[in-house]
Amino acid sequence: MQTRIEALYKLSKSKFRSSFHLKEEDKEYVRTKGLETIRKHAQDFVRIKLADAYPKNDGKQTPMHGHPVFIAQHACACCCRGCLYKWYHVEKGVALSATQQEKIVNLLILWIEKEMEK
């Protein structure tokens, strides 16, 4: 099992995944809300839009903009069950466990933290 740092390194080698970055307005939103609130948003988005065995509108459920977590989901290949399978071998058709959801959220938050440093 790869670490979050290893996952980010692997993602950085993808032209598509590495093209995602937080804009200044996204960074300001993170600064205003704080990382704990952003973490709660990430937990909600993952639980509501990704955790079901067969998420509604899978492959289209995560917008490409509008919230820092959405950007992180695309950058980290945690935007749909297809990407989760391709990048992390998370089986489709099986609900995500609480542990899997937590790992996804932790990866998203780490990506956001690194973007905030830029």
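Quantities reported herein were computed from a predicted structural model and do not represent experimental measurements.

**Looking at the overall build of the protein**
- Within the protein one finds six helices and zero strands.
- Mapped in sequence order, the helices and strands of the protein form the string α-α-α-α-α-α.
- The globule rule puts the C-alpha radius of gyration for 118 residues at 13 Å, and the 13 Å found for the protein is close to it.
- In terms of overall dimensions, the protein has a C-alpha envelope of 35 × 30 × 25 Å along the principal axes.
- Every one of the 118 residues in the protein was classed for burial, and the buried ones make up 43%.

**Details of the layout of surface pockets**
- There is about 240 Å³ of room inside the second largest pocket.
- Lining the second largest pocket are 13 residues, with Leu8, Ser12, Trp111, Glu115 and Lys118 positioned closest to its centre.
- Elements with a contribution of two residues or more to the lining of the second largest pocket: helix H1 (4–12) and helix H6 (98–116).
- Considering each element in turn, the lining of the second largest pocket owes the most residues, four residues, to H1.

**Regarding the nonpolar core**
- One finds Cys76, Ile104, Leu108, Trp111 and Ile112 to be the most contacted residues of the largest nonpolar core, which totals 35 residues.
- Those elements that place two or more of their residues in this core are H1, helix H3 (35–49), helix H4 (68–75), helix H5 (81–88) and H6.
- Top contributing element to this core by residue count: H6, with eight residues.
- The contacts of Trp111, once residues within four sequence positions are left out, are Leu8, Phe20, His21, Leu22, Ile71, Ala72, Ala75 and Cys76.

**Focus: the packing of H4 against H6**
- As a packed pair, H4 and H6 sit with axes 9 Å apart at the nearest point and diverge in direction by 105 degrees. Taken together, the axes of H4 and H6 are roughly perpendicular relative to one another. Of the residues in H6, those in contact with Pro68, Val69, Ile71, Ala72, Gln73 and Ala75 of H4 are Leu108, Trp111 and Ile112.
- Among the residues forming the contact of H4 with H6, the class breakdown is eight nonpolar, one polar and no charged.

**Considerations on helix H2 (residues 24–33)**
- Inspection of H2 places Asp26, Lys27 and Val30 among the buried residues, and these make up the whole buried set. Projected onto a plane normal to the axis of H2, the buried residues spread over an arc of 100 degrees and lie on a single side. Among the exposed residues of H2, those oriented more than 90 degrees off its buried face are Glu24, Glu25 and Thr32.
- Residues of H2 that are buried sit in contact with H3, H4 and H6.
- One or two steps after H2, the chain reaches Gly34, where phi turns positive at roughly 90 degrees.

**Quick notes on H1**
- For H1, every residue scored as buried is listed here: Ala7, Leu8 and Leu11. Projection of H1 onto a plane perpendicular to its axis shows the buried side chains occupying an angular sector of 95 degrees, all on one side. Along H1, exposed side chains directed more than 90 degrees from the buried face belong to Ile5 and Tyr9.
- On the buried face of H1, the contacting elements are H4, H5 and H6.

Cut-offs and rules
- Residues numbered from 1 in each chain as written.
- Predicted model: local features only at pLDDT ≥ 70, side-chain atom pairs only at ≥ 80, totals over all residues.
- Heavy atoms only, no water.
- Helix = DSSP H or I, 4+ residues; strand = E, 2+ residues; numbered from the N terminus.
- Rg over C-alpha atoms; globule rule 2.2 N^0.38 Å.
- Buried < 20%, exposed > 50% of the residue type's maximum accessible area, 1.4 Å probe, protein only.
- 1 Å grid on protein atoms, 1.4 Å probe; cavity = no way out; pocket = protein on both sides within 12 Å on 5 of 7 lines; lining within 4 Å.
- Points joined across faces, edges and corners; volume = space filled by probe spheres on them.
- Core = buried A, V, L, I, M, F, W, Y, C linked by side-chain atoms within 4.5 Å.
- Contact = heavy atoms within 4.5 Å.
- Axes fitted to C-alpha atoms, helices over the stretch in contact; angles between N-to-C directions.
- Parallel < 35°, antiparallel > 145°, perpendicular 65-115°, else oblique.
- Nonpolar A, V, L, I, M, F, W, Y, C, P; charged D, E, K, R; others polar.
- Arc of directions from axis to C-beta.

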